[in-house]
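Topology and contacts: notes
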Amino acid sequence: PLAKALMAMRDTDEAVAAAWDERMAAVRDGCEAAIRHLADEGSLAPEWDITSATDLLAAMLSIRTWEQLVQTDGWSRDDYVARLQAQAKGTFLRR
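Scope of this entry: the structure provided in the associated data block.

Conventions used here
- Residues numbered from 1 in each chain as written.
- Predicted model: local features only at pLDDT ≥ 70, side-chain atom pairs only at ≥ 80, totals over all residues.
- Heavy atoms only, no water.
- Helix = DSSP H or I, 4+ residues; strand = E, 2+ residues; numbered from the N terminus.
- Buried < 20%, exposed > 50% of the residue type's maximum accessible area, 1.4 Å probe, protein only.
- Contact = heavy atoms within 4.5 Å.
- Core = buried A, V, L, I, M, F, W, Y, C linked by side-chain atoms within 4.5 Å.
- Expected span 1.5 Å × (residues − 1).
- Axes fitted to C-alpha atoms, helices over the stretch in contact; angles between N-to-C directions.
- Parallel < 35°, antiparallel > 145°, perpendicular 65-115°, else oblique.
- Left-handed = near helix turned anticlockwise from the far one by under 90°.
- Salt bridge = Lys/Arg side-chain N within 4 Å of Asp/Glu carboxyl O.

1. A short note on the overall build of the protein
Along the protein, the regular secondary structure elements total five helices and zero strands. Taken from the N to the C terminus, the helices and strands of the protein come in the order α-α-α-α-α. Every one of the 95 residues in the protein was classed for burial, and the buried ones make up 23%. Counting contacts in the protein only where the partners sit at least 6 residues apart, residues at least 24 apart contribute 53% of the total.

2. Some points on the nonpolar core
Ranked by size, the top nonpolar core spans 14 residues in total, and within it I35, L44, L57 and F92 carry the most contacts. Breaking this core down by element, the ones donating at least two residues are α2 (14–40), α3 (50–60), α4 (63–72) and α5 (77–92). Once residues within four sequence positions are removed from consideration, I35 is found in contact with L44, I50, A53, T54, L57 and F92.

3. Section: α2
Relative to the 39 Å expected for 27 residues at 1.5 Å per residue, α2 spans 38 Å between its end C-alpha atoms, a close match to the ideal helical length. Of the residues making up α2, those classed as buried are V16, A17, W20, C31, I35 and L38. Downstream of α2 by a residue or two, G42 has a phi angle that is positive, lying close to 80°.

4. Quick look at the packing of α4 against α5
Between α4 and α5, whose axes approach to 9 Å, the crossing angle comes to 135°. By the angle class used here, α4 and α5 are oblique. Two packed elements cross with a definite hand, and for α4 against α5 that hand is right-handed. Residue-level inspection shows W66, L69 and V70 of α4 in contact with α5, the latter providing R77, Y80 and L84.

5. Brief notes about the pattern of salt bridges
For the structure on display, the rule yields three salt bridges. In this structure, the salt-bridge partner of D55 is R28, at a minimum N-O distance of 2.5 Å. Taken together, the positions of D55 in helix α3 and R28 in helix α2 put the pair 27 residues apart, joining distant regions of the chain. Of the residues examined, D55 reaches a relative accessible area of 37% and is grouped as partly exposed. Between R95 and E47 there is a salt bridge, and its shortest N-O distance comes to 3.7 Å. Linking R95 in the segment after α5 with E47 in the loop between α2 and α3, this pair joins segments that are 48 residues apart in sequence. Across the pair, E47 and R95 agree in class, each one exposed.

6. With respect to the environment of L69
Among the secondary structure elements, L69 is positioned in helix α4. Given the relative accessible area of 16%, L69 is considered buried. Taking the C-alpha atoms as reference points, L69 and D79, ten residues apart in sequence, are found 9.5 Å from one another. In this structure, L69 is in contact with G74, W75, Y80 and L84, ignoring residues within four places of it in sequence.

Here it is in structure tokens:
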């Protein structure tokens with residue numbers, strides 16, 4: 001609920017927009033750190049570069065994706081976590 005309210009307010013409130021952008025940048029930075037770690041240890045699937053893999057991982061973990069799957073489609077939080085982890089491993093890990 002809070003994320004949804006902030007998303008709605010960011011178009012009309014500069015402080016909210018700045019806070020939201022900062023938080024989303026932090027999420028993206030975390031995604032990039034995880035992908036870089038995979039790349040550094042040689043575990044990133046060869047079809048991915050760091051930027052593209054970071055883009056997709058950040059999209060997979062977005063508020064809108066969570067909202068769609070958990071709130072709209074009825075996934076449990078545990079299912080969301082387990083399925084996104086499995087998807088990320090299957091997508092980004094070298095086979």
